[in-house]
Amino acid sequence: VDIRGFLENDLTGLNASQPGAGKGHPLDEPILTPNGWVPVGNLQPGDEVVGSDGNPTRVLDVYDRGILPVYRVTFRDGASVRVDGDHLWRVYVSSGRTYVRSTKSLTGLSGLGIYSIPTTQVTHPTAELPIDPYALGALIADGYLHGSGLTWTKNEVAVVDEMRLAVARSGGVLTDHKVFAARRYGVTGLSGTVNRLGLKVGSADKFIPAEYLTASVEQRLALVHGLFDGDGSVRSDRGTAHYTTISDRLADDVLQLLWSLGVFATKYRTNHPRGSYWVITVHGGFNPFGVSEQRNRVTGTTRPFKRSFKSIELESNEPVRCIRVEAVDSLYITKDYIVTHNTLVSVEAAHRAGTDVNLIIAPDSTHATAWGPTVLGQTDQELRVVGNKNKATQSALFDLEFGHPGWYAVTPQFFTRTDISEWFPDLLIHDEHHQLSKQKSKGQRKLSGYAPKRD
C-alpha cells in the first residue's frame, strides 16, 4: 500500500492488514509443525504449525508474494533462516529496549550484534517411543551399535544404575559383559529396535531419530541427560558443559535438540592427533547432565542467553510465501527454532509516511499482545484503546474525535455501534479484514459510507 502517495494526493486509504503480515520465506524453507518440519510451500489453511509459546496453532491463510530477493539471516549461535527483505524482526538491545526492524534496514549495520531475538521451549505431546529416551541417548553416546549384539561401556556407578532402569523400561536387560579399562555391558532385547531406527551404524554415522526430536519436553530432557551422562564433559576453568562426537549429523542433531528446549548452544570443530571431532557447548545456566557426577561441576556462564544477529547476506531471487496463523500474537517457529516476531508492515509503512492520526480496528484480544507492543516498538508511541469502559478509553475517544495525533485501537463491535461521523483518521488499519467481504454488513457500511435505501 503506497500510503505516502495517498497522502500527497489528498486521498483517503484503508489499509487491510493483520499482525504478522509480511513474513516471507522461500518455498522450501522449513516451518515447525507438531509432527516435525514442513516446507512453507507445502502448508495450507487448516494445517497446524508451532507458535511462539511452543504449542500448536492453526494456519489461517497463505500468501504468495511472487519472486523477491531472499536474504540469509544468521545468528551468533549458528542458527540461520532465509527471509525476504520486508520481513520485520522484533529485536532487543542491551538497554532493554525493544524495536522492530526490517531485514533490509538491518543489512550493513556495523552494530548488528547488539540486536538479539528471544528463544522458546517447544512443547510437543508425549510420544510413543520405541526405546526409553535416556537409554537411547546413552546408547548413542557410549554404545557399540553395529556389531552382532548391542554393547555399552561405562564405569560410573550412578549412570550404570540409571541405564539399567532405562533399558528395563524399554523391555530390555543390561547385563555384565566384559571388563576392560572401562566396564562393558551387554544390552539384550533392543537390537531389533535399534536396527529399525536405522542406528546400526558406526560412531561417525550416529544420529538422533526424528521422532525423538519432536517428543515431549520431559522426553527430550531425558535424551539430553543420556547423551551428556555418556559423552559429556565440563570445562574446569569455565564450568561450561560440552558434548563431543565425530559424527557430523549427530552434532547437528544435538544442537537442534538443545535449541528445541530453548537452550543457548553452539558447535565448533576441533583437531586432534587421532582425528577431528565436533564440540557442542552449552551456554547459560542449563545443566545437561542427569545423574553423572559431572552435574556437580557445571556452574554455567554468567552472561544471559542472547540469540544475537551475526550476518545478513543477499542470496538469491526466489518465489516467496508468508503464512497467517491463529495465535493471538501471530508468531510461529521457523528453521533452527528461530521465532518469527509480531510485526506489522502497515505500522512500519504508516510510521515512515508520517501519518498523524492512526486508527486500528482489531479484536480486543490483540490490542495488548500484538498491536500495542508493535506500535510502541516501531513508533515509540503508546497505543490507546478507544471506548467507554473507563476514563482511559473515554479520554482516547475524546482525543480521536478532536484529531489529536496518535495511535488508537477500537474493537470491531464498538466501531460498528458507535457514531463515527467525527472520526477523521489519516490512516485506518483493519485487522481480520475478511470480515468486510460480506456486502451491506454493518462494518462495511461504516467503512464505505454505504447507506441502505429506505422505503
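Residues numbered from 1 in each chain as written. Predicted model: local features only at pLDDT ≥ 70, side-chain atom pairs only at ≥ 80, totals over all residues. Heavy atoms only, no water.

Colleague: Which residues make up the overall build of the chain, and what values go with them?
Modeller: What the chain contains, in helices and strands, is 13 helices and 25 strands. A burial count over the chain gives 51% of its 455 residues as buried. Of all intrachain contacts in the chain linking residues separated by at least 6 positions in sequence, the fraction that spans at least 24 positions is 68%. Accessible surface for the chain amounts to roughly 21,300 Å². Of this, 49% is attributable to carbon and sulfur atoms. (Helix = DSSP H or I, 4+ residues; strand = E, 2+ residues; numbered from the N terminus. Buried < 20%, exposed > 50% of the residue type's maximum accessible area, 1.4 Å probe, protein only. Contact = heavy atoms within 4.5 Å. Areas by Shrake-Rupley, 256 points an atom, 1.4 Å probe, with all protein chains shown as cover.)

Colleague: Which residues make up the packing of helix α3 (residues 133-142) against helix α7 (residues 217-231), and what are the values?
Modeller: Following both chains from N to C, one finds α3 and α7 inclined at 30°, their axes separated by 7 Å at the closest point. Taken together, the axes of α3 and α7 are roughly parallel relative to one another. By crossing handedness, the relation of α3 to α7 is classed as right-handed. Contacts from Pro133, Tyr134, Leu136, Gly137, Ala138, Ile140, Ala141 and Asp142 of α3 reach α7 at Gln219, Ala222, Leu223, His225, Gly226, Leu227, Asp229, Gly230 and Asp231. Per-class residue counts for the contact of α3 with α7 are nine nonpolar, five polar and three charged. (Axes fitted to C-alpha atoms, helices over the stretch in contact; angles between N-to-C directions. Parallel < 35°, antiparallel > 145°, perpendicular 65-115°, else oblique. Left-handed = near helix turned anticlockwise from the far one by under 90°. Nonpolar A, V, L, I, M, F, W, Y, C, P; charged D, E, K, R; others polar.)

Colleague: Any details on the pattern of salt bridges? Residues and values, ideally.
Modeller: Enumeration according to the criterion identifies 14 salt bridges in this entry. Here Arg58 and Glu326 are joined by a salt bridge, their closest N and O atoms 3.1 Å apart. Within this pair, whereas Arg58 is found in strand β6 (residues 56-75), its partner Glu326 is found in the loop between β19 (307-325) and β20 (333-334), the two being separated by 268 residues in sequence. Ionic pairing is found between Asp248 and Arg269, a salt bridge with its closest N-O pair at 3.4 Å. One end of the pair, Asp248, is in helix α8 (residues 248-260); the other, Arg269, is in strand β17 (residues 265-270), and 21 residues separate them in sequence. By relative accessible area, Asp248 is classed as partly exposed at 43%. Residue classification places Arg269 among the partly exposed positions, given a relative accessible area of 38%. Where salt bridges share partners, they join Asp28, Glu29, Arg82 and Glu318 into one cluster. (Salt bridge = Lys/Arg side-chain N within 4 Å of Asp/Glu carboxyl O.)

Colleague: Would you mind going over unusual backbone geometry in detail, with residue names and values included?
Modeller: Positive phi, close to 60°, is recorded for Asp336, a residue that is not glycine. Secondary-structure assignment places Asp336 in the loop between β20 and β21 (338-339). The exposure class assigned to Asp336 is buried, which follows from its relative accessible area of 9%. A positive phi angle is found at Tyr337, which is not glycine, with a value near 60°. Take Tyr337: it is sitting in the loop between β20 and β21. For Tyr337, a relative accessible area of 5% gives the class buried.

Colleague: Describe in detail the sheet that holds β17, supporting the description with residues and values.
Modeller: What the four strands build is an open sheet, ordered β15-β16-β18-β17; its pairing is antiparallel. Strands with a single pairing partner mark the edges of an open sheet, and in this sheet they are β15 (232-235) and β17. Across the sheet, the mean angle separating the axes of adjacent strands is 30° when strand polarity is ignored. Judged from the six bridges that link them, β17 and strand β18 (residues 277-282) form a sheet pairing that is antiparallel. Of the residues in β18, the one forming a bridge with Thr266 is Thr281. (Pairing = 2+ DSSP bridges.)

Colleague: Kindly report on the nonpolar core, identifying the contributing residues and their values.
Modeller: Membership of the largest hydrophobic core comes to 77 residues, with the highest contact counts inside it found for Trp89, Trp152, Ile208, Leu227, Phe228, Val254 and Phe309. Other than its neighbours up to four places away in sequence, Ile208 contacts Ile140, Leu213, Leu223, Leu227, Leu250, Asp253, Val254 and Leu257. One finds Leu359, Ala396, Leu400 and Ile420 within the second-largest nonpolar core, a separate group that totals 14 residues. (Core = buried A, V, L, I, M, F, W, Y, C linked by side-chain atoms within 4.5 Å.)

Colleague: Lay out the side chain of Arg321 with the relevant residues and their values.
Modeller: Tracing the sequence through the fold places Arg321 in strand β19. Here Asp64 takes part through its side chain, which lies 2.8 Å from a polar atom of the side chain of Arg321. (Polar contact = N/O pair within 3.5 Å; in protein donor to acceptor, adjacent residues only side chain to side chain.)

Colleague: Help me get a handle on the packing of α7 against α8, residues and values and all.
Modeller: At a minimum axis separation of 10 Å, α7 and α8 run at an interaxial angle of 135°. For the element pair α7 / α8, the angle class is oblique. As for the relative orientation of α7 and α8, their crossing is left-handed in sense. Seen from α7, the contacting residues are Arg220, Leu223, Val224, Leu227 and Phe228; seen from α8, they are Val254, Leu257, Leu258 and Ser260. Counted by class, the contact of α7 with α8 contains seven nonpolar, one polar and one charged residues.

Colleague: Mind laying out the side chain of Thr281, listing which residues take part and the relevant values?
Modeller: Looking at the element boundaries, Thr281 is found in strand β18. At 3.1 Å, the side chain of Thr281 and the side chain of His242 are in polar contact.

Colleague: How would you summarise the environment of Glu326 if you had to cite specific residues and measurements?
Modeller: The class for Glu326 is partly exposed, based on a relative accessible area of 44%. Discounting chain neighbours no more than four positions away, the residues touching Glu326 are Thr57, Arg58 and Leu60.

Colleague: Outline the pairing of strand β7 (residues 80-84), supporting the account with residue identities and numerical values.
Modeller: Counting buried residues along β7, five of its five residues qualify, which places the element largely inside the surrounding structure. Side-chain alternation along β7 places Ser80, Arg82 and Asp84 on one buried face and Val81 and Val83 on a second face that is also buried. Two strands pair when backbone bridges link them, and β6 and β7 are joined in this way by five bridges, in the antiparallel orientation. Looking at β7, one finds that Val70 is bridged to Asp84. A loop of four residues connects β6 with β7, the two strands running antiparallel in sequence, and Gly78 in this loop sits at a positive phi of about 100°.

Colleague: Give me the lowdown on the pairing of strand β22 (residues 357-361), citing residues and values where you can.
Modeller: Side-chain direction in a regular strand flips from residue to residue, so the side chains alternate between the two faces of the sheet. Counted residue by residue, β22 has five buried out of five residues, so it is predominantly covered. Two elements, β22 and strand β24 (residues 406-410), share five bridges in a ladder whose sense is parallel. Residue Ile360 lies in a different strand from β24, and its bridge partner there is Ala409. Sheet topology places β22 next to strand β25 (residues 427-430); four bridges connect them, and they run parallel.

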